[in-house]
Amino acid sequence: MIRIKRFPQLLLIAIFLSSCKTSIKQEYPINNIKENINQNNNSEKKRMEIKFSCGEDGISEYLNDGWIILKEDSQEKICTWKSVPASKDCDMEKDKGCRITKPDKIGEEKIYLLEK
């Protein structure tokens, strides 16, 4: 009977001692972790999308800064608008309701996907 009562106590002491040993034996190299974090930050690549419209071109500034063009796309875009009278008898200064706005210049919008 005494053996049965002591068995749970011995089991509890054995669990306690074994858990203490494992926490003491584990050592973490802090310096290596910091170096790995710095290496991962440097390996991350930055991406950016920029647009130039109607004859503007500033892509050379980005290329000189070390950016690389991954993708280039272009599409038509209206650069300027003009107002014209709707009919021959229309006076645009007096009657603003007879004014029609039309595209004046149509240019090209270039979209670049850059990576550094």
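Note: the structure precedes this text.
Bear in mind that the values here come from a model prediction, so they are computed numbers and not experimental data.

**Observations regarding unusual backbone geometry**
- Positive phi, close to 55 degrees, is recorded for cysteine 54, a residue that is not glycine.
- Under the relative-accessibility criterion, cysteine 54 is labelled partly exposed at 34%.

**Structural notes on the pattern of salt bridges**
- According to the stated counting rule, one finds three salt bridges in the structure shown.
- Of the charged contacts in the structure, one is a salt bridge between glutamate 115 and arginine 47, with a shortest N-O distance of 3.2 Å. A residue pair is termed long-range when its members are at least 10 positions apart, and glutamate 115 in strand 3 (residues 99-115) and arginine 47 in strand 1 (residues 47-53) qualify at 68 residues.
- Two residues, aspartate 65 and lysine 116, come together in a salt bridge whose shortest N-O distance is 3.6 Å.

**Topic: the sheet that holds strand 1**
- With antiparallel pairing, the three strands of this open sheet are ordered in space as 1-3-2. The sheet is open, and its two edges are formed by strand 1 and strand 2 (68-85), each paired on a single side. Strand-to-strand twist in this sheet, taken as the mean axis angle between neighbours without regard to direction, amounts to 20 degrees.
- Summarising the sheet, strand 2 and strand 3 pair through 16 bridges and their orientation is antiparallel. Looking at the pairing, lysine 77 lines up with glycine 107 of strand 3.

**Section: the packing of aromatic side chains**
- With the rule as written, the count across this model stands at one aromatic pair.
- With a centroid separation of 6.1 Å and 65 degrees between ring planes, the pair formed by phenylalanine 52 and tyrosine 112 is classed as edge-to-face. With phenylalanine 52 in strand 1 and tyrosine 112 in strand 3, the pair connects residues that are 60 residues apart, well separated along the chain. Pair check on accessibility: phenylalanine 52 and tyrosine 112 agree, each one buried.

**Thoughts on the state of the cysteines**
- Summed over all chains, the structure comprises two disulfides.
- Bridging cysteine 54 to cysteine 79, the disulfide has an S-S length of 1.9 Å. Handedness here is read from the sign of the S-S torsion; for cysteine 54 and cysteine 79, about -105 degrees, the answer is left-handed. Within this pair, whereas cysteine 54 is found in the loop between strand 1 and helix 3 (59-64), its partner cysteine 79 is found in strand 2, the two being separated by 25 residues in sequence.
- Residue classification places cysteine 79 among the partly exposed positions, given a relative accessible area of 27%.
- Here cysteine 90 is linked by a disulfide to cysteine 98, with a sulfur-sulfur distance of 1.5 Å. Because the sign of the S-S torsion sets the handedness, a value of about 65 degrees for the bond joining cysteine 90 and cysteine 98 places this disulfide among the right-handed ones. For the pair cysteine 90 and cysteine 98, a shared accessibility class is recorded, and that class is buried.
- Looking at the chain, its bonded cysteines, counted consecutively from the start of the sequence, adopt the pairing 1-2, 3-4.

Parameters at a glance
- Residues numbered from 1 in each chain as written.
- Predicted model: local features only at pLDDT ≥ 70, side-chain atom pairs only at ≥ 80, totals over all residues.
- Heavy atoms only, no water.
- Buried < 20%, exposed > 50% of the residue type's maximum accessible area, 1.4 Å probe, protein only.
- Salt bridge = Lys/Arg side-chain N within 4 Å of Asp/Glu carboxyl O.
- Helix = DSSP H or I, 4+ residues; strand = E, 2+ residues; numbered from the N terminus.
- Pairing = 2+ DSSP bridges.
- Axes fitted to C-alpha atoms, helices over the stretch in contact; angles between N-to-C directions.
- Phe/Tyr/Trp six-rings, centres within 6.5 Å; stacked < 30°, edge-to-face > 60°.
- Disulfide = S-S within 2.5 Å.

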